[in-house]
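Chain by chain, the residues:
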Amino acid sequence: MINFQKKQVKIISVIIAAVFIFSIVALGVSQYQSGMAGASSSNVGIVDYSQLISQHPGMQAAREKYEEAAKQVQDEFSQKAGSMTPEQQQQFIEQKQKEMQDKQKELLDPIRTSIETQVQSVADSRGINVVLDKNNVLYGGQDITQDVLQKLQAEGDTTSSDATADTTTTDSTATTENSATTETSGEATNTAQ
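Heads up: these notes are all about the structure in this document. Here the residue index of a chain counts from 1 through its sequence in written order. With pLDDT at 70 or above as the cut-off, local features in this predicted model cover only qualifying residues; side-chain atom pairs require 80 or more to be listed or tallied, and sums for whole chains, interfaces and linings still use all residues. The basis for every side-chain value is the complete set of non-hydrogen atoms in the structure, without hydrogens or water.

### With respect to the overall build of the protein chain
The criterion, for reference: Where helices and strands are cited, they refer to DSSP runs of H or I of at least four residues and of E of at least two residues respectively, numbered from the N terminus. Accessibility here uses a 1.4 Å probe with only protein chains present; expressed as a share of the type maximum, an area under 20% marks a residue as buried, one over 50% as exposed, and anything in between as partly exposed. We call two residues in contact when some of their heavy atoms are within 4.5 Å. We get accessible surface area from the Shrake-Rupley algorithm with a probe of 1.4 Å; when it comes to residues, only the shown protein chains can shield them.
Summing up its helical and strand segments, the protein chain has 5 helices and 3 strands in all. Walking the protein chain from its N terminus toward its C terminus, one meets helices and strands in the order α-β-α-α-α-β-β-α. Within the protein chain, buried positions represent 17% of all 193 residues. A sequence separation of at least 24 residues applies to 79% of the contacts in the protein chain between residues at least 6 apart. Put simply, the protein chain shows about 14400 Å² of open surface, and 56% of that area lies on carbon and sulfur atoms.

Pasting the structure below:
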């Protein structure tokens, strides 16, 4: 067997420890670099969701409808409150709060759906795999908020021009129906004479 002196054993132990430490560091560096390569290939987009909601073309109309419904509830409560017991008032308030929550959901769901559709469209066109709300991201990601807003505004322009065309068609139909009714009632008046 080989007999090592104490000094030689210490040197061999230090060399083995150094090789082990170097291997750990090399493994860590290679994992870090592959993680960075993976992060750059998986694109992450971010959007300012609160900005998209507040600047959505349909938001103003939804807000106005909600405020109108809230005013109607207040007026109704003012009219009925005098003849109600406190328990009835509490029940009325709870019922109307539920109705207002449903109204809010009814008004905001189409806006949220529109935003989600446009976010997906922009993300797909840019090859983005994941989109997060800007408030949940500390660092990084491609901000696609402005691109989504542009698509939403273009969608809003299309919707409002369609609505205008529908209104014009409805108005002309109503005018035609009114003139036909006038002619018919004129004939009836002439026949009666």
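### A look at the pairing of strand β1 (residues 44-47)
The line we're drawing: One bridge is not enough; two strands pair if DSSP finds at least two bridges between them.
Of the strand pairs in this sheet, β1 and strand β2 (residues 130-133) are connected by 4 bridges, and their pairing is parallel. The residue bridging I46 from the neighbouring strand is L132, located in β2.

### Here we look at the pattern of salt bridges
Keep this limit in mind: Here, a salt bridge means any Lys or Arg side-chain nitrogen found within 4 Å of an Asp or Glu carboxyl oxygen.
In the structure shown here, the tally under the stated rule is 10 salt bridges. Residue D75 pairs with K71 through a salt bridge whose shortest N-O separation is 3.3 Å. Placement of the pair is D75 and K71 together in helix α3 (residues 59-81), with a separation of 4 residues, close to one helical turn. When the shortest N-O distance is used, the salt bridge between R126 and D147 registers 2.5 Å. Here the residue R126 occupies a position in helix α4 (residues 86-126), and D147 occupies one in helix α5 (residues 145-192), the gap between them amounting to 21 residues. Of the residues examined, D147 reaches a relative accessible area of 24% and is grouped as partly exposed. Look at the salt bridges and you will find they share partners, linking E76, K80, K96 and E99 into a network.

### With respect to a nonpolar patch on the surface
Spelled out, the test is: By definition, no residue in a patch forms a salt bridge, and every one has over 30% relative accessible area; like charges are joined within 9 Å, nonpolar side chains (Val, Leu, Ile, Met, Phe, Trp, Tyr) within 5 Å.
Together, F20, I21, I24 and V25 line one region of the surface with nonpolar side chains, adding up to about 410 Å² of accessible area. For I24, the position within the fold is in helix α1 (residues 6-41).

### Some thoughts on the packing of aromatic side chains
Cut-off, in case you're wondering: Only the six-membered ring of Trp is used, alongside the rings of Phe and Tyr, when aromatic pairs are assigned; centres must lie within 6.5 Å, and planes under 30 degrees apart are stacked while those over 60 apart are edge-to-face, with the rest tilted.
Evaluation of the coordinates by the stated rule reveals 1 aromatic pair. Centre to centre, the rings of F77 and F92 are 5.6 Å apart; their planes meet at 25 degrees, and the pair counts as stacked. Note that F77 is positioned in helix α3 and F92 in helix α4, a separation of 15 residues in sequence.

### Quick notes on α3
Note the following rule: Helices are assigned an expected span. That span is 1.5 Å times one less than the residue count.
Over its 23 residues, α3 runs 32 Å from end to end, which matches the ideal 33 Å to within 8%, given 1.5 Å per residue. For α3, every residue scored as buried is listed here: M59, A62, A69, V73 and A81.

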